[in-house]
Amino acid sequence: MSITDEHIFPFCVTAHSFNHDKSQVAVCPNSNEVHIYARSGTQWTPLHVLKEHDLLVTSVDWAPRTNRIVTCSQDKNAYVWTLDEVANVWKPTLVHLRINRAATQARWSPMEDKFAVASGDKCVAICYFGEDNDWWVSKHIKKPIASTVLCIDWHPNNVLLACGGTDMKARVFSAFIKGVDQKPAASVWGERLPFNTVCGEFESPSGGWVHSIGFSPDGESVAFASHDSSLTVATPATGEVTSVRSSNLPFKSLAWMDQSTIAVSGHDCSPMIYAYDGATWRLVKRLGEDDKSRRSATASPSNNNTAFNLFRQMDSRNQPAKASSTSTGDGSLKSVHQNTITELRRDPAGNPSDISTGGLDGRLIQWNILA
């Protein structure tokens, strides 16, 4: 079985992030709060609620080494949360983002000494701690970004940043901060890397919005998923840009497992594994759909009432009540997730075979792609 853990929350999970050993998880319940749960046996029990944002929280990222959490929201703010171990309370520090539109995604850098916040303000804020002001300040990556930035990912060297958005472009920028970063070694992305240098620009075959982006483990390639149901991998060392069109619904998240394996997920409700065979990238596995006994065990308790389940499918998942190759006789989907997978995350400890997914069906699932 590919699933190593599954929990169903009483709310949709729009974003999530585990701590270093996966004993706790921060989830966004599609509101202005972030809920922190702790592992208790086989269940997750509520531990803390982070209440500082005024509008919908759009992203959360938990730094595994420093144990700090960064959150961002449609209220145009970001907070860095630090645990007061004596009082057992998470204390927020406001980040000076200087943006006039919603923040869309936040990610810590590999060294965890800075983080990036994407936004609808046609820019990415690179945030670092200003010792002089004793708070988190930011510098903006702007040109040539022409629209909302939806996704970001850090290069292993802690300097380069990949981003994609609704201007239908995937770009790699330098996010070098003087006084914070050491001069990076020369790479396929360039040698001199002052702040805001454009190191690469790519687009998908049909020009769809870029929903997710990620560097390969060695930083030599970048992959991105677009709304035209495509996965594109660019390798500047060889000049090769490979795009794979899918017959599935659009992807929303991707993560590199190793140099030749990428996990993707999205509106199709099943995580999928793409592998490089030496010539191109091919779909090799759909997680969760090969376990018929598990689907039967977790089916609705009212599975003997087909009419009821078809109505429930229409009501809760906004899907047409008709039989299809992706649904079972009781109206449920063949996949484990029963609605869009909002986010796919890598294992915080770096295990290349482990991923986690959260979805609009309230499920938070941990997978092992080799199981």
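What comes next is a walk through the structure. (Residues numbered from 1 in each chain as written. Predicted model: local features only at pLDDT ≥ 70, side-chain atom pairs only at ≥ 80, totals over all residues. Heavy atoms only, no water.)

Quick word on the packing of aromatic side chains
Applying the stated criterion across every chain yields a total of 14 aromatic pairs. Consider the rings of Phe 115 and Trp 136, whose centres lie 5.3 Å apart with planes at 50 degrees: the pair is tilted. Here Trp 136 lies in strand β13 (residues 135-141) and Phe 115 lies in strand β11 (residues 114-119), a separation of 21 residues in the sequence. When its relative accessible area of 0% is taken as the criterion, Phe 115 is described as buried. Members of the aromatic cluster, connected to one another through ring pairs, are Trp 108, Phe 115, Phe 129 and Trp 136. If you follow Lys 139 out to its NZ or CZ, it ends over the ring of Phe 195, 4.4 Å from the centre. (Phe/Tyr/Trp six-rings, centres within 6.5 Å; stacked < 30°, edge-to-face > 60°. Helix = DSSP H or I, 4+ residues; strand = E, 2+ residues; numbered from the N terminus. Buried < 20%, exposed > 50% of the residue type's maximum accessible area, 1.4 Å probe, protein only. Lys NZ or Arg CZ within 6 Å of the ring centre and 35° of its normal.)

Details of the pairing of strand β26 (residues 341-346)
Within β26, five of the six residues are buried, leaving the element largely enclosed by the surrounding structure. In terms of strand pairing, β26 meets strand β27 (residues 354-359) through five bridges, oriented antiparallel. Among the inter-strand pairings, Arg 345 is bridged to a residue of β27, identified as Ser 356. (Pairing = 2+ DSSP bridges.)

Observations regarding unusual backbone geometry
Of note, the amide linkage connecting Lys 143 to Pro 144 takes the cis form, showing an omega dihedral of 5 degrees. Relative to the assigned elements, Pro 144 resides in the loop between β13 and β14 (149-154). Its identity is not glycine, yet Asn 88 carries a phi of approximately 55 degrees, on the positive side. Within the secondary structure, Asn 88 is located in the loop between β8 (78-84) and β9 (89-94). According to the relative accessible area criterion, Asn 88 is partly exposed, its value standing at 45%.

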